[in-house]
Amino acid sequence: MASHGARGRGGGRPTLEEVAARAGVGRGTVSRVINGSPRVSDATRAAVEAAVAELGYVPNTAARALAANRTDAIALVVPEPETRFFAEPYFSDMLRGVGAELSDTEMQLLLIFAGSDRERQRLAQYLAAHRVDGVLLVSVHADDPLPDLLSQLEIPAVISGRRSADETLPSVDSDNYGGGRMAVEHLIARGRQRIVHLAGRLDVFGAQRRVDGYREGLRAAGREADDRLIIPGDFTEEGGRRAMTELLARCPDLDAVFAGSDVMAAGARQVLRELGRRIPDDVALVGYDDSAIARHMDPPLTSVRQPIEEMGRAMIDLLLGEIADRRPAVSRGLEKRQVVLPSELVVRASS
């Protein structure tokens, strides 16, 4: 018999998270069951309903009362120029994962660019009018004011990648530190001596963590990281070309390159080839993202795989849970709801 006086782990009312954990599903799935969505399998619905009964979970009545005011729309906000969005596979893979997870709901997805001041002003006005139920933020820089604006407006939001180690909003990321370390360990195992790093933008926390992983990979092998051999780029092909040119000037005898993205690796490869450096004979090359670029490069590029589609799915799952509660995570004391998915090294001919 279900005990309707059940208490959550902290002694208070059972939470949506506890129901999800008991049922073995995500928060978004629990939200769909509670809100009567037909797009849930019978087995999943039964598991969630059993968890609700066992825990004595009672949906937030204030949140349910607000349901009539929902827009059934989610915004995917990209604070970057449109040109970067369409040039980098990262964004299309993220969009694919988000769309796949939303296909089981009645929600509409709006794609909004906010790369210029004018676009940001329009976005602020749009969000202030509460025309969406929640926001997914992709490619957020450390000084970006958008997350704080969303908190002020009390709009549920999830970030792709933390702004810092102290991130307070829900976020989904991959293990950038582990990915950077794996890349360097692989190059060292292949006998490479002078390993340089084409970093991403260092106002992006994920890029900082890849640098940290690069340093740790060298340190663990008894080598010292040389700051002169780390040059930040901007995740673009041209940025990769510029950084590679500078690194060759600083370290002519380099024999391995770890690039912070596959796109930058493509730019580095162009410079190396123009100078007659053979890959991997003279210089081993490793990228990051394991995008289509890596698979189609000549030679095929060794790359650290981020589970980008899975990240998009996880973001939607978190966001649907936030929308179900209608209270930002910070107000519920859930500052540490950060999901970090594992990275893996995909070895190909370039290294």
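What counts and how
- Residues numbered from 1 in each chain as written.
- Predicted model: local features only at pLDDT ≥ 70, side-chain atom pairs only at ≥ 80, totals over all residues.
- Heavy atoms only, no water.
- Helix = DSSP H or I, 4+ residues; strand = E, 2+ residues; numbered from the N terminus.
- Rg over C-alpha atoms; globule rule 2.2 N^0.38 Å.
- Buried < 20%, exposed > 50% of the residue type's maximum accessible area, 1.4 Å probe, protein only.
- Contact = heavy atoms within 4.5 Å.
- Areas by Shrake-Rupley, 256 points an atom, 1.4 Å probe, with all protein chains shown as cover.
- 1 Å grid on protein atoms, 1.4 Å probe; cavity = no way out; pocket = protein on both sides within 12 Å on 5 of 7 lines; lining within 4 Å.
- Points joined across faces, edges and corners; volume = space filled by probe spheres on them.
- Domains from an automatic or database assignment.
- Axes fitted to C-alpha atoms, helices over the stretch in contact; angles between N-to-C directions.
- Left-handed = near helix turned anticlockwise from the far one by under 90°.
- Nonpolar A, V, L, I, M, F, W, Y, C, P; charged D, E, K, R; others polar.
- Phe/Tyr/Trp six-rings, centres within 6.5 Å; stacked < 30°, edge-to-face > 60°.
- Lys NZ or Arg CZ within 6 Å of the ring centre and 35° of its normal.
- Salt bridge = Lys/Arg side-chain N within 4 Å of Asp/Glu carboxyl O.
- Buried area = accessible area lost by both parts, 1.4 Å probe.
- Polar contact = N/O pair within 3.5 Å; in protein donor to acceptor, adjacent residues only side chain to side chain.

### Section: the overall build of the chain
Next, step 1: Each helix and strand counted, the chain has 14 helices and twelve strands in total.
Next, step 2: For 351 residues, the compact-globule estimate of 2.2 N^0.38 gives 20 Å, and the C-alpha radius of gyration of the chain, at 23 Å, lies within 12% of that figure.
Next, step 3: Seen through its C-alpha atoms, the chain measures out along the principal axes to roughly 70 × 45 × 30 Å.
Next, step 4: Taking all 351 residues of the chain together, the buried fraction comes to 54%.
Next, step 5: Within the chain, residue pairs in contact and separated by at least 24 positions form 73% of the contacts whose partners lie at least 6 positions apart.
Next, step 6: In the structure as shown, the chain presents an accessible area of about 15,300 Å², 49% of it carried by carbon and sulfur atoms.

### Notes on the layout of surface pockets
Next, step 1: Reported here for the largest pocket is a volume of approximately 270 Å³.
Next, step 2: Asn35, Arg70, Asp72, Glu106 and Met107 are the residues nearest the centre of the largest pocket, which is lined by 14 residues in total.
Next, step 3: Only helix 2 (27–34) and helix 14 (308–325) provide two or more residues apiece to the lining of the largest pocket.
Next, step 4: Residue contributions to the lining of the largest pocket peak at three residues, all from helix 2.
Next, step 5: Residues lining the lining of the largest pocket come from more than one domain, with at least three contributed by each of domain 1 (16–68) and domain 2 (73–173 + 309–325).

### Remarks on the packing of helix 9 (residues 176–189) against helix 10 (residues 205–220)
Next, step 1: Look at helix 9 against helix 10: their axes get within 7 Å of each other, and the N-to-C directions meet at 40 degrees. Of the two elements, helix 9 crosses helix 10, and the hand of that crossing is right-handed. Of the residues in helix 10, those in contact with Asn176, Tyr177, Gly180, Arg181, Val184 and Ile188 of helix 9 are Gly206, Arg209, Arg210, Asp212, Gly213, Tyr214, Glu216, Gly217, Leu218 and Ala220.

### Things to note about empty space enclosed by the protein
Where empty space is left can be seen by rolling a probe of water-molecule size over the atoms.
Next, step 1: Evaluated as defined, the whole model comprises four cavities of 30 Å³ or more.
Next, step 2: Space inside the largest cavity adds up to approximately 340 Å³.
Next, step 3: Considering the residues around the largest cavity, the lining is formed by 23 residues, among which Tyr90, Ser139, Val204, Arg210 and Phe235 are closest to the centre.
Next, step 4: Secondary structure elements with two or more residues in the lining of the largest cavity: helix 6 (89–102) and helix 10.
Next, step 5: Sort the elements by how many residues they give to the lining of the largest cavity and helix 10 lands first, with four residues.
Next, step 6: For the lining of the largest cavity, the per-class residue count stands at eight nonpolar, nine polar and six charged.
Next, step 7: Each of domain 2 (73–173 + 309–325) and domain 3 (176–305) contributes no fewer than three residues to the lining of the largest cavity.

### A look at the packing of aromatic side chains
Next, step 1: Inspection of the entire model under this criterion finds six aromatic pairs.
Next, step 2: Plain terms: the ring middles of Phe258 and Tyr288 are 6.3 Å apart, the flat faces sit at 45 degrees to each other, and that makes the pair tilted. On the criterion of sequence distance, the pair formed by Phe258 in strand 8 (residues 256–259) and Tyr288 in strand 9 (residues 284–289) is long-range, its members being 30 residues apart. The pair Phe258 / Tyr288 is uniform in exposure class, with both members buried.
Next, step 3: Taken together through their ring pairs, the aromatic side chains of Phe85, Phe86, Tyr90, Phe91 and Phe113 make up a single cluster.
Next, step 4: Looking at Arg210, its charged tip hangs above the ring of Tyr288, at a distance of 3.8 Å from the centre.

### Description of the pattern of salt bridges
Next, step 1: For the structure shown, the criterion picks out 30 salt bridges.
Next, step 2: A salt bridge links Glu322 to Arg337; its shortest N-O distance comes to 2.1 Å. Highlighted residues: Glu322 in helix 14 and Arg337 in the loop between helix 14 and strand 11 (338–341), separated in sequence by 15 residues. As far as burial versus exposure is concerned, Glu322 and Arg337 are alike and both buried.
Next, step 3: In this structure, a network of salt bridges that share partners links the residues Glu17, Arg27, Glu322 and Arg337.

### Let's talk about the domain arrangement of the chain
Next, step 1: If you check the domain split of the chain, you get domain 1 (16–68), domain 2 (73–173 + 309–325) and domain 3 (176–305).
Next, step 2: Domain 1 and domain 2 are separated by 24 Å when their C-alpha centres are compared.
Next, step 3: Residue-level contacts link twelve residues of domain 1 with twelve residues of domain 2.
Next, step 4: Both faces considered, domain 1 and domain 2 share a buried interface measuring about 990 Å² in area, 40% of it formed by carbon and sulfur atoms.
Next, step 5: The largest per-residue losses of area from domain 1 upon contact with domain 2 belong to Arg27, Arg32 and Arg39, which jointly make up 55% of the total buried on that side.
Next, step 6: In this structure, the connection of domain 1 to domain 2 is made through two salt bridges.
Next, step 7: Where domain 1 packs against domain 2, one counts four residue pairs in polar contact (both at pLDDT 80 or more).
Next, step 8: Across the side of domain 1 that touches domain 2, the residue classes break down as three nonpolar, six polar and three charged.

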